[in-house]
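Structural description and commentary
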Amino acid sequence: MIFPDYRPRRLRKNESFRALIRETHLAPAQLIYPLFVMPGKNKREEISSMPGVYRLTVDQLAREGRECLKLGVNSVILFGLPEKKDPMGSGAHAKDGIIQRAIRELKNSVPELLVFTDVCLCEYTTHGHCGIILENQIDNDTTLEVLAKTAVSHATAGADMVAPSDMMDGRVGEIRAALDEENFETVPIMSYAVKYASSFYGPFRDAADCAPQEGDRRGYQMDPANSREALREATLDVEEGADILMVKPAVAYLDIISKLRDEFDLPVAAYHVSGEYAIIKAAGANGWIDEERVMAETLLSIRRAGAEIILTYFAKDMARLLQG
Ligand code: PBG
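Residues numbered from 1 in each chain as written. Predicted model: local features only at pLDDT ≥ 70, side-chain atom pairs only at ≥ 80, totals over all residues. Heavy atoms only, no water.

To continue, consider a nonpolar patch on the surface. On the surface, Leu11, Leu20 and Ile21 cluster together into a nonpolar patch covering about 290 Å² of accessible area. Among the structural elements, isoleucine 21 can be located in the loop between helix H1 (15-20) and strand E1 (31-38). A relative accessible area of 42% means that isoleucine 21 is categorised as partly exposed. (Patch = residues over 30% accessible without salt bridge, like charges linked within 9 Å, V, L, I, M, F, W, Y side chains within 5 Å. Areas by Shrake-Rupley, 256 points an atom, 1.4 Å probe, with all protein chains shown as cover. Salt bridge = Lys/Arg side-chain N within 4 Å of Asp/Glu carboxyl O. Helix = DSSP H or I, 4+ residues; strand = E, 2+ residues; numbered from the N terminus. Buried < 20%, exposed > 50% of the residue type's maximum accessible area, 1.4 Å probe, protein only.)

Evaluation of the coordinates by the stated rule reveals 18 salt bridges. Arginine 104 is the partner of aspartate 96 in a salt bridge, and the nearest nitrogen-oxygen pair spans 2.7 Å. By relative accessible area, which is 54% here, aspartate 96 ends up exposed. Here arginine 171 ties to aspartate 166 by a salt bridge, and the two come within 3.3 Å at their closest N and O atoms. Neither residue differs from the other here; arginine 171 and aspartate 166 are each classed as buried.

A few words now on helix H11 (residues 315-323). Of the positions making up H11, those classed as buried are Ala315, Lys316, Met318 and Ala319. The buried residues of H11 occupy one face: seen down the axis, they fall within an arc of 160°. The inward-facing, buried residues of H11 abut E1, helix H2 (61-70), helix H10 (291-305) and strand E12 (309-312). Note on H11: the residue one or two positions beyond its end, glycine 324, has a positive phi of about 80°. (Arc of directions from axis to C-beta. Contact = heavy atoms within 4.5 Å.)

Phe36, Leu78 and Val194 are the most contacted members of the largest nonpolar core, which has 108 residues in total. Here this core takes eight residues from helix H4 (residues 140-157), the largest share from any one element. (Core = buried A, V, L, I, M, F, W, Y, C linked by side-chain atoms within 4.5 Å.)

All right, on to the site of the ligand then. Around the ligand, the surrounding shell holds 17 residues, and the nearest of these are Lys195, Arg205, Lys248, Ser274 and Tyr313. One of the side-chain nitrogen or oxygen atoms of aspartate 118 is found 3.4 Å away from a nitrogen atom of the ligand. Between the ligand and the protein, one listed contact pairs a nitrogen atom with a side-chain N or O atom of serine 165 at 3.3 Å. Protein burial of the ligand: of its 400 Å² of free accessible surface, 100% is covered by the chains. (Near = heavy atom within 4 Å. Polar contact = N/O pair within 3.5 Å; in protein donor to acceptor, adjacent residues only side chain to side chain.)

Attention now goes to the environment of glutamate 233. Here glutamate 233 shows up in helix H7 (residues 228-240). C-alpha of glutamate 233 to C-alpha of alanine 159: the two residues are 74 residues apart in sequence and 25 Å apart in space. Apart from residues lying up to four places away in sequence, glutamate 233 is in contact with Met167, Ala193 and Met222.

See below:
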């Protein structure tokens, strides 16, 4: 069928036709809102490179959680700024650590909210790397034990799902085994399966104070040039017991999201990261783009590429827009 018999514009005539044939939809329930938790009392601190995103003290979390639920955003993921850091990242699994307290506060005050946690060490180590350093090297297998301990401590505090973001080899399997051992066999793992060594994480590292003091993360996060390797990484995580596969960042890696969607039958998540958010906010603030429409189009593109789930700092704004 070609012109003049076929005229695609027939079905674009008005919004009702367009809505009728729309292939991709966004819903607030598919969005996960990241929260940054800091020590102290009664404080909200705006992150300068992420306008509209705040570091919150634990007492501020209930209000935030209720607001998310009201907007239909049923899930949050927590990142912590500990009081103290050390070379072993022991604050990550402290019983009374910042994240453990944050989980308990949210599960007590807003029990219907799903509380997910980022499992990593970079926010808790003095050197800012995602693993334990032994003899000047990031020691993979020593790190696994600490990560597993951290995941178990999150589950013990009440976390609904854990999300390892460190990119050490074998961590999903190690965490799965540790959770099962402690009778947390029903707590799922969302693995940052395909996480690139990306420059788009810049604002997050300010927000969470976790930039490496020396060197970079290219020895464990993936080379942005690689796509076949993404399938190998994801395959490993599936075999080790991941329940959800994540790709990160999102927009610069839509091809990877689409590949994972085609190759695997697990749910696929994508993390629209801090730098991707900051770019839209900055251009919007300058009046160079229509921020709201660019936000919606961007998130839609991530869904269209194949991600069911999107982690985004725009979660509340997008939900508000969807509610009309
Ligand atoms: C921790 C972690 C990072 C992000 C999520 N978890 C930073 C990093 O890997 O350097 C980035 C999130 C964002 O940029 O929004 N490892």
